[in-house]
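So you can see what is in the structure, the chains are spelled out below.
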There are 2 protein chains.
Amino acid sequence: MAVEDRVRELAGELESADAGAMEVARARHLALVKPPGSLGRLEELGVRLAGISGAVPPPVAESPAVVVAAGDHGVLERGVSPWPRGVTAAMVDNFCAGGAAVNAIAREVGARVSVLDVGVAAGLRDHPLLRRARVRAGTDDLSRGLAMSREDAARAVAAGAGLAEELIESGGVDLLVTGDMGIGNTTPAACLVAAFTGRPAREVTGRGTGVDDATLELKAGVVSGALELHRPDPGDPLGVLAAVGGLEHASLVGVVLMGAVCGVPVVLDGVVSDAAALAAVALAPGVAGYLVAGHRSAEPGARIALEQLGLEPLLDLEMRLGEGTGGLLAVPLVRAAARVLGEMATFEEAGLGGGEAAG
Amino acid sequence: MAVEDRVRELAGELESADAGAMEVARARHLALVKPPGSLGRLEELGVRLAGISGAVPPPVAESPAVVVAAGDHGVLERGVSPWPRGVTAAMVDNFCAGGAAVNAIAREVGARVSVLDVGVAAGLRDHPLLRRARVRAGTDDLSRGLAMSREDAARAVAAGAGLAEELIESGGVDLLVTGDMGIGNTTPAACLVAAFTGRPAREVTGRGTGVDDATLELKAGVVSGALELHRPDPGDPLGVLAAVGGLEHASLVGVVLMGAVCGVPVVLDGVVSDAAALAAVALAPGVAGYLVAGHRSAEPGARIALEQLGLEPLLDLEMRLGEGTGGLLAVPLVRAAARVLGEMATFEEAGLGGGEAAG
């Protein structure tokens with residue numbers, strides 16, 4: 001079967017989140033020994049986890065993993081980032097050595113780190129944390145032509161889905177965090193957000209890891225020009241990814257899709273993850289019910305993408321690093337939401353009857 | 001020595017947070033392998049932890065504890081809450097049994113729970129998690145006279161300080177979270193916030209655990225009337241606590257103060273904790289540098305108190321339960337901020353030179 005058909009088949013396997021379990025979770029929240037609604041958005045999160053797992057209480061994610069998808073970008077030649085291309089490979093080495101921000105935060109929340117080379121230009125050394133699935137040595141310049149072929153986009157999606165499946169089926173992973181590394185990758189992210197939301201380039205383009213005013217201006221122009229050149233059709237997500245995406249973006253579409261198909265919560269990090277989620281939802285609308293927005297990245301496209309996805313982020317700490325850092329920080333909140341449903345006593349159990357107060 | 005003098009002496013022992021260590025932490029953040037500032041408020045938090053501990057990297061809090069201070073309130077007779085007084089004692093039993101929200105969340109973040117009976121009206125059973133330091137069987141009605149004597153307020157502060165000292169000195173606790181339980185206690189919290197910020201009753205009074213419009217109206221009237229009756233002087237924090245405070249509020253002043261004196265980060269929960277922090281800062285202004293705002297409670301007085309304290313909360317999940325739940329949820333963020341400073345490689349170490357990109 002052609003790779004594109006495999007992707008479509010995977011999307012077709014998705015079942016909606018379990019509305020019945022969500023209803024049971026809502027009722028349980030009212031029985032637990034606290035004023036109704038007093039845990040605010042933590043209660044909503046618990047309901048979402050019930051929908052994802054189809055169980056009340058939902059399982060506490062004991063074995064989370066962050067997938068850090070890495071790739072390089074032809075559009076970097078246009079000067080959209082002050083960082084040189086070689087930094088992508090150097091950071092992959094750093095992830096494997098355990099010295100990056102994602103490693104420090106993963107240790108804190110007890111998550112394993114899995115690095116996916118789906119399109120790093122430079123050669124990489126083998127390492128136990130590194131999954132080698134390079135589709136091509138980076139994309140072409142999306143401002144001049146397709147970033148990659150449609151088949152390569154589908155292969156990148158399949159690579160992400162394959163790693164996610166392996167982590168869940170063989171590795172016992174029960175929660176996925178999406179992460180990314182790729183110098184220049186907020187430019188394709190902005191293009192994807194614009195393509196799937198219909199918003200203009202200037203609104204979705206941001207400073208990435210911190211470009212100056214002149215580079216921001218140039219970057220918005222590149223995004224705007226690419227949208228005019230390709231006129232991507234949001235009804236054809238693989239076509240959009242091929243035209244203006246990145247290899248790590250496409251692979252995260254696969255991670256998101258496989259997580260949802262396997263009934264595992266997927267916690268999104270920043271704008272690259274949010275852009276991938278838009279593409280995944282375009283492939284299979286039911287995906288949205290399996291997503292948790294870990295944080296709101298400082299990148300403007302992140303806010304716009306999350307609004308379209310109907311997701312309210314758990315954290316808003318003005319972070320813009322990527323790597324999965326913001327998504328990982330939300331993992332204890334996800335686990336706490338599950339514990340509340342599973343470990344709290346009811347009014348009855350606490351000897352408080354439940355009818356004595358109006359809340 | 002009179003109890004009040006002991007409180008003053010403790011306040012006098014406080015040293016300011018270490019500005020030199022904060023400067024070193026800022027410089028280290030620039031050397032770590034990430035674009036400058038890209039971890040946003042997590043970087044500021046790391047700098048704060050350096051100031052608190054006087055060390056770079058600051059220690060990762062391995063042994064956090066939440067102190068849940070409990071008391072009852074004479075003002076409950078005015079009808080400021082739909083919950084009956086006996087719920088305070090029943091919830092203390094529930095904390096000890098491990099079935100409350102604070103227990104579930106404490107397990108998630110690896111914190112021990114310590115319950116402080118500083119003024120619960122009903123008799124309580126002994127339990128290993130319960131520290132019995134009852135100053136009196138609840139306060140008097142603050143809308144008709146002093147909530148308690150000045151000496152009782154000082155004794156409650158000393159009880160909190162004593163428990164915090166024991167946890168830190170004998171128990172190895174290296175981070176404190178403040179929590180509270182007391183039916184009716186958002187009314188004295190509102191009075192305290194109004195007294196220390198000068199804001200009108202209507203702005204600082206909220207729905208607590210969820211009162212209806214009529215009760216909210218009544219509650220704001222009670223707060224307003226108490227402020228007119230006592231005209232509390234914010235320059236005399238013990239006088240303010242005696243007039244319009246609660247026993248758990250006063251004891252948390254002691255927890256905050258002792259945490260700061262011992263150089264331990266104190267993570268604030270909701271409006272009762274925030275009100276206590278205002279009083280602690282009035283006793284010793286340097287306390288502010290040792291505080292971390294865990295979350296922004298849905299209670300309006302919380303936002304106003306945090307603004308006055310100059311603290312930006314880490315979480316904003318529309319929670320309003322108290323018990324320490326919102327403060328506990330921020331503990332992994334605090335630990336992650338310390339790990340970033342302690343565990344990330346520098347640009348030099350990662351073989352990236354550091355001068356190749358403009359950020």
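Computed from a predicted structure; not experimentally measured.

### A look at the overall build of chain A
Turning to step 1, where the next piece is worked out: Within chain A, the regular secondary structure consists of 15 helices and 6 strands.
Turning to step 2, where the next piece is worked out: A compact globule built from 359 residues would reach a C-alpha radius of gyration of about 21 Å, and chain A, at 20 Å, matches this within 12%.
Turning to step 3, where the next piece is worked out: Here chain A holds 359 residues, and the buried ones make up 64% of them.
Turning to step 4, where the next piece is worked out: Carbon and sulfur atoms make up 47% of the accessible area of chain A, which amounts to about 11500 Å² in all.
Turning to step 5, where the next piece is worked out: Side-chain charges in chain A split into 29 positive and 45 negative, and the spacing between the mean points of these groups amounts to 4 Å.

### Points about the packing of aromatic side chains
Turning to step 1, where the next piece is worked out: Using the criterion set out here, one finds 2 aromatic pairs over all chains in the structure.
Turning to step 2, where the next piece is worked out: Measuring from centroid to centroid gives 6.1 Å for Trp83(A) and Phe347(B), while their planes differ by 20 degrees, and the two rings are stacked. Of this pair, Trp83(A) sits in the loop between strand E1 (64–71) and helix H4 (86–97) while Phe347(B) sits in the segment after helix H15 (331–343), on two different chains. The exposure classification of Trp83(A) matches that of Phe347(B), with both residues buried.

### Regarding the domain arrangement of chain A
All names here are of chain A.
Turning to step 1, where the next piece is worked out: Assigned domains within chain A: domain 1 (3–59 + 340–358) and domain 2 (64–333).
Turning to step 2, where the next piece is worked out: Relative placement of domain 1 and domain 2: their C-alpha centres are 29 Å apart.
Turning to step 3, where the next piece is worked out: The partner domain 2 presents 29 residues to the 19 residues of domain 1 that form the contact.
Turning to step 4, where the next piece is worked out: Here domain 1 and domain 2 share an interface that buries about 1900 Å² over both sides, 71% of which is from carbon and sulfur atoms.
Turning to step 5, where the next piece is worked out: Among the residues domain 1 hides against domain 2, the three largest losses belong to Leu10, Leu14 and Ile52. Together they make up 31% of the total.
Turning to step 6, where the next piece is worked out: Where domain 1 packs against domain 2, one counts 1 salt bridge.
Turning to step 7, where the next piece is worked out: For Arg150, the salt bridge goes to Glu4, with nearest N and O atoms at 3.0 Å.
Turning to step 8, where the next piece is worked out: For the pair domain 1 and domain 2, the number of links is 7 residue pairs in polar contact (both at pLDDT 80 or more).
Turning to step 9, where the next piece is worked out: Residue assignment for the side of domain 1 that touches domain 2 shows that the elements contributing at least two residues are helix H1 (3–13) and helix H3 (41–53).
Turning to step 10, where the next piece is worked out: Of the residues contributing to the side of domain 1 that touches domain 2, the split by class is 10 nonpolar, 2 polar and 7 charged.

### A look at the packing of helix H6 (residues 150–169) of chain B against helix H10 (residues 237–244) of chain B
Residues and elements named next belong to chain B.
Turning to step 1, where the next piece is worked out: Contact geometry of H6 with H10 gives a least axis separation of 8 Å together with a crossing angle of 105 degrees. For the element pair H6 / H10, the angle class is roughly perpendicular. Facing H6, whose interface residues are Arg150, Ala153, Ala154 and Val157, H10 presents Leu238, Gly239, Leu241 and Ala242.
Turning to step 2, where the next piece is worked out: For the contact of H6 with H10, the residue count by class is 6 nonpolar, 1 polar and 1 charged.

### Here's the deal with the relation of the copies chain A and chain B
For these two chain copies, the linking operation is a rotation about an axis paired with a shift along it.
Turning to step 1, where the next piece is worked out: Expressed as a screw transformation, the operator carrying chain A onto chain B has a rotation angle of 180 degrees and an axial translation of 0.0 Å, and the superposed copies differ by an RMSD of 0.0 Å. Seen this way, the second copy is the image of the first under a two-fold rotation axis. Looking at the rotation axis and the C-alpha trace of chain A, the residue lying nearest is Leu315(A), at 3.2 Å.
Turning to step 2, where the next piece is worked out: The fraction of interface residues of chain A whose copies in chain B are also interface residues reaches 100%, indicating that both copies meet through the same surface.

### Digging into the interface of chain A and chain B
Turning to step 1, where the next piece is worked out: Contact with chain A, which involves 55 residues of that partner, is made by 55 residues of chain B.
Turning to step 2, where the next piece is worked out: In total, about 4500 Å² of surface goes out of reach between chain A and chain B, with carbon and sulfur atoms giving 67% of it.
Turning to step 3, where the next piece is worked out: Three residues, Trp83(A), Glu108(A) and Leu317(A), lead the burial of chain A against chain B; their summed loss comes to 14% of the area buried on that side.
Turning to step 4, where the next piece is worked out: The interface formed by chain A and chain B includes 6 salt bridges.
Turning to step 5, where the next piece is worked out: Among the ionic pairs, Glu343(A) bridges to Arg107(B), the shortest N-O distance being 2.7 Å.

### Considerations on the environment of Pro200(A)
Turning to step 1, where the next piece is worked out: As for its position among the elements, Pro200(A) is in the loop between helix H7 (186–197) and helix H8 (201–204).
Turning to step 2, where the next piece is worked out: For the pair Pro200(A) and Leu227(A), spaced 27 residues apart in the sequence, the C-alpha separation amounts to 9.2 Å.

### Considerations on the sheet that holds strand E3 (residues 130–132) of chain B
All names here are of chain B.
Turning to step 1, where the next piece is worked out: Across the sheet, which stays open at both edges, the 6 strands sit in the order E3-E2-E1-E4-E5-E6 with parallel pairing between neighbours. Looking at the sheet topology across the chains shown, the edges are occupied by E3 and strand E6 (291–293). Taken pair by pair, the neighbouring strands of this sheet meet at an average axis angle of 25 degrees, ignoring direction.
Turning to step 2, where the next piece is worked out: Along the sheet, H15 contacts strand E1 (64–71), strand E4 (175–181), strand E5 (266–268) and E6; its crossing angle with E4, the most-contacted strand, is approximately 170 degrees.

### A word on the environment of Gly289(A)
Residue and element names in this part refer to chain A.
Turning to step 1, where the next piece is worked out: Its location among the elements puts Gly289 in the loop between helix H12 (271–283) and strand E6 (291–293).
Turning to step 2, where the next piece is worked out: With a relative accessible area of 25%, Gly289 lands in the partly exposed category.
Turning to step 3, where the next piece is worked out: Residues Gly289 and Gly210, 79 residues apart in the sequence, show an inter-C-alpha distance of 32 Å.
Turning to step 4, where the next piece is worked out: Those residues in contact with Gly289 that lie beyond four places of it in its chain are Ala17, Arg48 and Ile52.

### Focus on the side chain of Asn103(A)
Turning to step 1, where the next piece is worked out: Looking at the element boundaries, Asn103(A) is found in helix H5 (residues 101–109).
Turning to step 2, where the next piece is worked out: Discounting residues that sit within four places of it in the chain, Asn103(A) has contacts with Asn94(A), Phe95(A), Gly98(A) and Val113(A).

### Points about the pattern of salt bridges
Turning to step 1, where the next piece is worked out: Overall, the coordinates contain 46 salt bridges over all chains when judged by the stated rule.
Turning to step 2, where the next piece is worked out: Measuring nitrogen to oxygen at the nearest pair gives 3.2 Å for the salt bridge that ties Arg144(B) to Asp141(B).
Turning to step 3, where the next piece is worked out: On the basis of relative accessible area, Arg144(B) is assigned to the exposed category, the value being 64%.
Turning to step 4, where the next piece is worked out: By relative accessible area, which is 9% here, Asp141(B) ends up buried.
Turning to step 5, where the next piece is worked out: Several salt bridges converge on common partners, so that one network encompasses Arg107(A), Glu108(A), Arg335(B), Arg339(B) and Glu343(B).

### Quick word on the pairing of E4(B)
The side chains of a regular strand alternate, residue by residue, between the two faces of the sheet.
All names here are of chain B.
Turning to step 1, where the next piece is worked out: Burial runs high along E4: 7 of the 7 residues are buried.
Turning to step 2, where the next piece is worked out: Across the two faces of E4 the burial is the same, with Leu175, Val177, Gly179 and Met181 and Leu176, Thr178 and Asp180 all buried.
Turning to step 3, where the next piece is worked out: Here E1 pairs with E4 via 7 bridges, running parallel. Among the inter-strand pairings, Pro64 is bridged to a residue of E4, identified as Leu175.
Turning to step 4, where the next piece is worked out: Strand direction decides the pairing type here: E4 and E5, joined by 2 bridges, are parallel. Across the sheet, residue Val177 finds its bridge partner in E5, namely Val267.

### A look at a negative patch on the surface
Residue and element names in this part refer to chain A.
Turning to step 1, where the next piece is worked out: Among the surface-exposed residues, Asp5, Glu9, Glu13, Glu165 and Glu169 lie close enough to one another that they form a single negatively charged patch.
Turning to step 2, where the next piece is worked out: Going through the elements one at a time, H1 and helix H6 (150–169) are the ones with two or more residues in the negative patch.
Turning to step 3, where the next piece is worked out: It is H1 that provides the largest number of residues to the negative patch, a total of 3 residues.

Parameters and conventions
Residues numbered from 1 in each chain as written. Chains lettered and ligands numbered in written order. Predicted model: local features only at pLDDT ≥ 70, side-chain atom pairs only at ≥ 80, totals over all residues. Heavy atoms only, no water. Helix = DSSP H or I, 4+ residues; strand = E, 2+ residues; numbered from the N terminus. Rg over C-alpha atoms; globule rule 2.2 N^0.38 Å. Buried < 20%, exposed > 50% of the residue type's maximum accessible area, 1.4 Å probe, protein only. Areas by Shrake-Rupley, 256 points an atom, 1.4 Å probe, with all protein chains shown as cover. Lys, Arg positive; Asp, Glu negative; His and termini not counted. Charge placed at Lys NZ, Arg CZ, Asp CG, Glu CD. Phe/Tyr/Trp six-rings, centres within 6.5 Å; stacked < 30°, edge-to-face > 60°. Domains from an automatic or database assignment. Contact = heavy atoms within 4.5 Å. Buried area = accessible area lost by both parts, 1.4 Å probe. Salt bridge = Lys/Arg side-chain N within 4 Å of Asp/Glu carboxyl O. Polar contact = N/O pair within 3.5 Å; in protein donor to acceptor, adjacent residues only side chain to side chain. Nonpolar A, V, L, I, M, F, W, Y, C, P; charged D, E, K, R; others polar. Axes fitted to C-alpha atoms, helices over the stretch in contact; angles between N-to-C directions. Parallel < 35°, antiparallel > 145°, perpendicular 65-115°, else oblique. Least-squares fit on C-alpha atoms with pLDDT ≥ 70 in both. Pairing = 2+ DSSP bridges. Patch = residues over 30% accessible without salt bridge, like charges linked within 9 Å, V, L, I, M, F, W, Y side chains within 5 Å.

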